[in-house]
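The primary structure of each chain is shown beneath.
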Amino acid sequence: MSIQNLNTFDPFADAIKGADYDVQDGLVHIRIQQRNGRKTLTTVQGLSVDYDLKKIVRACKKEFACNGTVIEHPEYGEVLQLQGDQRENICQFLTKSGLAKPEQLKVHGF
């Protein structure tokens with residue numbers, strides 16, 4: 001007879017696997033980050049590597065009248081970063097231009 005409750009079980013194994021799956025599942029994550037005071041940043045992560053992100057940033061800067069850049073994140077790869085709360089604008093821009101479908105967009109933030 002063996003005792004079953006002494007087997008090792010990692011409760012975070014699903015969370016770690018879920019994090020890896022989340023990066024490569026085809027979703028585009030749009031997040032907002034608080035800077036100082038009322039200033040915010042909007043980040044867009046998960047766009048396909050086939051697209052030229054610098055051209056996308058250039059188009060967004062022109063259309064939304066904000067500043068932006070492409071940063072290299074150690075975990076998420078290349079991430080678009082735009083000034084201000086541009087969550088709604090970037091969702092409409094990505095769907096209108098055909099870069100992402102509405103069901104692929106996942107908006108995070110307060």
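About the cut-offs
Chains are numbered independently. Their residues run from 1 in the order of the written sequence. This being a predicted model, a pLDDT of at least 70 is required before a residue's local features are given, and a value of 80 or more before pairs of side-chain atoms are given or counted; all residues contribute to the totals for chains, interfaces and linings. Hydrogens are left out, water is left out, and the side-chain values use all remaining heavy atoms of the structure. UniProt positions are given in the numbering used here, feature names are shortened, and annotations may be inferred rather than shown by experiment. Secondary structure follows DSSP: runs of H or I at least 4 residues long count as helices, runs of E at least 2 residues long count as strands, and numbering of each begins at the N terminus. Burial status follows relative accessibility: with a 1.4 Å probe on protein chains alone, a residue under 20% of its type maximum counts as buried, one over 50% as exposed, and anything between as partly exposed. Residue contacts follow a heavy-atom distance rule, with two residues in contact if any of their heavy atoms lie within 4.5 Å. All accessible areas in this document rest on Shrake-Rupley with a 1.4 Å probe, and a residue is counted as covered only by the protein chains that are shown. Each nonpolar core is a collection of buried residues, namely Ala, Val, Leu, Ile, Met, Phe, Trp, Tyr and Cys, held together in the definition by side-chain atoms within 4.5 Å. Any residue with relative accessible area above 30% and no salt bridge may belong to a patch, with like charges joined within 9 Å and the nonpolar Val, Leu, Ile, Met, Phe, Trp and Tyr side chains within 5 Å. When a carboxyl oxygen of Asp or Glu is within 4 Å of a side-chain nitrogen of Lys or Arg, the pair counts as a salt bridge. Lys and Arg are tallied as positive, Asp and Glu as negative. Neither His nor the chain termini are counted. Taken as the charge centre is NZ of Lys, CZ of Arg, CG of Asp or CD of Glu, depending on the residue. Regarding the arc, it is the one traced by the directions from the helix axis to the C-beta atoms.

The chain appears in an unreviewed UniProt entry as Eukaryotic translation initiation factor eIF1 from Anopheles atroparvus. The UniProt entry for the chain carries this comment under Sequence similarities (unreviewed entry): "Belongs to the SUI1 family." Annotation of the chain in UniProt includes, under Function (unreviewed entry), the sentence "Probably involved in translation."

Draft legend 1. View of the overall build of the chain. Within the chain, the secondary structure is distributed over three helices and five strands. Each helix (α) and strand (β) of the chain, taken in turn from the N terminus, gives the series α-β-β-α-β-β-α-β. In the chain, which comprises 110 residues, the share counted as buried stands at 28%. In the chain, the proportion of contacts linking residues at least 24 apart, taken out of those at least 6 apart, comes to 49%. Roughly 8,000 Å² of accessible area belongs to the chain as shown, and the carbon and sulfur atoms make up 51% of that amount.

Draft legend 2. Quick peek at the nonpolar core. Counting 19 residues, the largest nonpolar core has I90 and L94 as the members making the most contacts within it. The contact partners of I90, leaving out residues within four places of it in the chain, are I30, V44, C60, F64 and L82.

Draft legend 3. Quick look at unusual backbone geometry. Of note, A65 is a non-glycine position whose phi angle comes to about 55 degrees, a positive value. Checked against the element boundaries, A65 lands in the loop between α2 (53–64) and β3 (68–73). Residue class for A65 comes out exposed when judged on its relative accessible area of 74%.

Draft legend 4. Main features of a positive patch on the surface. Residues K55, R58, K61 and K62 make up a contiguous surface patch of positive charge. Counting through the fold element by element, K61 comes out in helix α2.

Draft legend 5. Here's a closer look at helix α3 (residues 87–97). By the burial criterion, the buried members of α3 are R87, I90, C91, F93 and L94. Buried residues in α3, looked at end-on, bunch into an arc of 165 degrees, giving them a common side. Facing away from the buried surface of α3 by more than 90 degrees, the exposed residues are E88, Q92 and K96. Elements in contact with the buried residues of α3: β1 (28–34), β2 (40–45), α2, β4 (77–83) and β5 (105–107). Positioned one or two residues after α3, G98 has a phi angle of 85 degrees, which is positive.

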